Amino acid sequence: MEQLLLLIFLPLVGAVIAAFAGKSAKIVSTVFSVASLGLTLFIACNFIPDASTQFEVNLPWIANLGINFHAGIDGISMLVVLLTNLLIPIIILSSYKHDYKNPAAFYALILFMQAGLLLVFTALDAFLFYIGWEAALIPIYFICAFWGGKDRVRINMKFFVYTIAGSLFMLMGIIYLYLQNPAHNFEISAFYALNLDVAQQGWIFWAFFIAFAIKMPVFPFHTWQPDTYTAAPAQGTMLLSGIMLKMGIYGVIRWLLPIVPAGVQDWSCVAIGLSIIGIVYASLIAFTQKDAKRLVAYSSIGHVGLISAGIFALNQQGMQGAMVQMLSHGINVVGLFFVLDIIFSRVKTNKIEELGGIAKVAPQLAIAFLIIVLGTVALPGTNGFIGEFLLLMGVYNVGIWAAAIAGLTIIFGAVYMLRMYQNVMLGKTNELTITFSDIQGSEKFVLYLICALIIVLGVYPKPLLHLTEASVQHLLEQVNQKLTSVK
């Protein structure tokens, strides 16, 4: 109990201190983020990988409305908590070469967002989940608005409208479930136990799915993403792509599937179809991109589409693959955007045609970038392989043609990612890249750490699979039991 409360509120305390720390905010945020990672590792070491909820805290909050501060960790939430508290210090360290205006506000917002994310990933009360959902949105909005690039006001407004609209759909669904609950509380277990008819489950499915699909994002709810990723500051893009989109994936697994399994079953073909369309669409658009940052943004849509398809396959392989790929995608995409940030800091451009020959003058960056690219294209022996392999197995159990088309994300991804690497890193140097300096200091530490994670998790993914296996199996059993009762 005490450990989980400390885990959630430690970043919040850090955010308050960082807000008043002035130029020392960078150090303060590093200390608190590393402390959060240390506490997460302690919890993970003491976590029993079964289907139970552990480190549970349940305190009355707004008693007359049945709202409790109820949070806990099982295998599913343990993985995303680990992802969050692993990537936050990496993202903060990646900013060490930047000299942001008003650093106190910048780093305080990152820690505040971390607290909101941890609420989302541990909440066992729907109202608490919604509070965390909105609390994680507010900091990233201001990070993009104040430290973003060209045309950031228009782009950020589009992002904000999309996400708020999705949140309102989800809020309507939560309120409806609350009104259907005889106990008149927001407990997730009470929502799981509701006996809703097929029609009710259908519209609640869409209320939640739209909110989660916007956050992931899944086609056709993706149009905010490429512009936002491109205009956001590097660390904002890392937060959005590495962690925030996992809120949508986690929401589908934790809230959508067990509450409205009949709705999921009725509409899963549509969800899988949208996911596969997104894979092909995003991959084809990625081929045409001239900006490397925008290319990676579209590649992320393709990878998330495969994760979404695997989840809605409603089988053990697809679900396990989604869990592993959430972690792998987070590590890889943060690595990609960090490399592009390093390149931009040196030559002030991410235009692919303006680059070239960087490997000749920065061999360490070239090697690190290659490892990250290979992890992204799911080369066997890297962290991206096992997740995508399981996801394709899961989708194959739905239909061979669905798996064949979904598998295009690997083929297309290999082509456009390796082509980008070739054009950016290989060939002859030019006026821009001839003076390019290799990585050093914090850049070297962050990239070496990311590369080590890619290789270690690729060679030995068993701990991740073992961590989530029992919880995923238990969740699927709950879904199947409820489907049987509805029939």
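Here the structure is a predicted model, which is why all the values come from computation and not from measurement. (Residues numbered from 1 in each chain as written. Predicted model: local features only at pLDDT ≥ 70, side-chain atom pairs only at ≥ 80, totals over all residues. Heavy atoms only, no water.)

Draft legend 1. Fine view of the overall build of the protein chain. For the protein chain, the count of helices and strands is 20 helices and 2 strands. Here the protein chain has a C-alpha radius of gyration of 21 Å; the compact-globule value for 487 residues is 23 Å, and the two agree. Dimensions of the protein chain, computed from C-alpha atoms along their principal axes, come out at roughly 70 × 55 × 45 Å. Burial analysis of the protein chain (487 residues in total) assigns 62% to the buried set. Partitioning the contacts of the protein chain with sequence separation of at least 6, the portion at a separation of at least 24 is 82%. For the protein chain, the exposed area adds up to about 17600 Å²; of that, 68% sits on carbon and sulfur atoms. Positive and negative side-chain charges of the protein chain, numbering 24 and 22 respectively, have mean locations separated by a distance of 12 Å. (Helix = DSSP H or I, 4+ residues; strand = E, 2+ residues; numbered from the N terminus. Rg over C-alpha atoms; globule rule 2.2 N^0.38 Å. Buried < 20%, exposed > 50% of the residue type's maximum accessible area, 1.4 Å probe, protein only. Contact = heavy atoms within 4.5 Å. Areas by Shrake-Rupley, 256 points an atom, 1.4 Å probe, with all protein chains shown as cover. Lys, Arg positive; Asp, Glu negative; His and termini not counted. Charge placed at Lys NZ, Arg CZ, Asp CG, Glu CD.)

Draft legend 2. Structural context of the packing of helix α1 (residues 2-19) against helix α4 (residues 103-122). Two elements in contact, α1 and α4, have axes whose closest approach is 7 Å; the angle formed by their N-to-C orientations is 165°. Here α1 is positioned roughly antiparallel relative to α4, judged by the angle of their axes. For the crossing formed where α1 meets α4, the hand is left-handed. Note on element contacts: α4 touches α1 through Ala104, Ala108, Leu111, Phe112, Gln114, Ala115, Leu118, Leu119 and Thr122, opposite Leu4, Leu7, Ile8, Pro11, Leu12, Gly14, Ala15, Ala18 and Ala19. Here the contact of α1 with α4 is composed, by residue class, of 15 nonpolar, 3 polar and no charged. (Axes fitted to C-alpha atoms, helices over the stretch in contact; angles between N-to-C directions. Parallel < 35°, antiparallel > 145°, perpendicular 65-115°, else oblique. Left-handed = near helix turned anticlockwise from the far one by under 90°. Nonpolar A, V, L, I, M, F, W, Y, C, P; charged D, E, K, R; others polar.)

Draft legend 3. Broad picture of unusual backbone geometry. The omega torsion across Met216 and Pro217 is -5°, close enough to zero to call that bond cis. Within the secondary structure, Pro217 sits in the loop between α8 (198-215) and α9 (225-231). Here the amide bond leading from Phe219 into Pro220 is cis, since omega sits at 5°, within 30 degrees of zero. One can find Pro220 in the loop between α8 and α9. Despite not being glycine, Phe55 shows a phi value in the positive range, around 55°. Following the sequence through the fold, Phe55 ends up in strand β1 (residues 54-62). With relative accessibility at 15%, the residue Phe55 sits in the buried group.

Draft legend 4. Representation of helix α12 (residues 292-312). Relative to the 30 Å expected for 21 residues at 1.5 Å per residue, α12 spans 31 Å between its end C-alpha atoms, a close match to the ideal helical length. With respect to burial, α12 is a largely interior element, 20 of its 21 residues being buried. Of the residues flanking the end of α12, it is Leu314, one or two places downstream, whose phi is positive at about 60°. (Expected span 1.5 Å × (residues − 1).)

Draft legend 5. Expanded view of the pairing of β1. Judged from the 6 bridges that link them, β1 and strand β2 (residues 67-73) form a sheet pairing that is antiparallel. Paired with Asn58 across the strands is His70, a residue of β2. Hairpin geometry of β1 and β2 is characterised by an intervening segment of 4 residues between the two adjacent antiparallel strands and by a positive phi of about 70° at Gly66. (Pairing = 2+ DSSP bridges.)

Draft legend 6. Local environment of the nonpolar core. Core analysis: the biggest nonpolar cluster contains 182 residues, and Ile140, Leu256, Ile343 and Leu365 have the highest contact counts within it. No other element matches the 17 residues that helix α13 (residues 316-347) contributes to this core. Other than its neighbours up to four places away in sequence, Ile140 contacts Met113, Phe159, Gly236, Leu239, Leu240 and Met244. (Core = buried A, V, L, I, M, F, W, Y, C linked by side-chain atoms within 4.5 Å.)

Draft legend 7. Quick look at the pairing of β2. A large share of β2 lies buried, amounting to 7 of its 7 residues. Burial along β2 is two-sided: Ile67, Phe69, Ala71 and Ile73 and Asn68, His70 and Gly72, pointing in opposite directions, are all buried.

Draft legend 8. Highlighting the pattern of salt bridges. In the structure shown here, the tally under the stated rule is 3 salt bridges. Residue Asp74 is joined to Arg254 by a salt bridge in which the shortest nitrogen-to-oxygen separation is 2.5 Å. Of this pair, Asp74 sits in the loop between β2 and α3 (75-94) while Arg254 is found in helix α10 (residues 234-259), placing the two residues 180 residues apart along the sequence. Taken as a pair, Asp74 and Arg254 share a single burial class, namely buried. (Salt bridge = Lys/Arg side-chain N within 4 Å of Asp/Glu carboxyl O.)

Draft legend 9. Structural context of α4. Counted at 1.5 Å a residue, the expected span for α4 with its 20 residues is 28 Å, and the 29 Å between its end C-alpha atoms agrees. α4 sits mainly inside the fold: 17 of its 20 residues count as buried.

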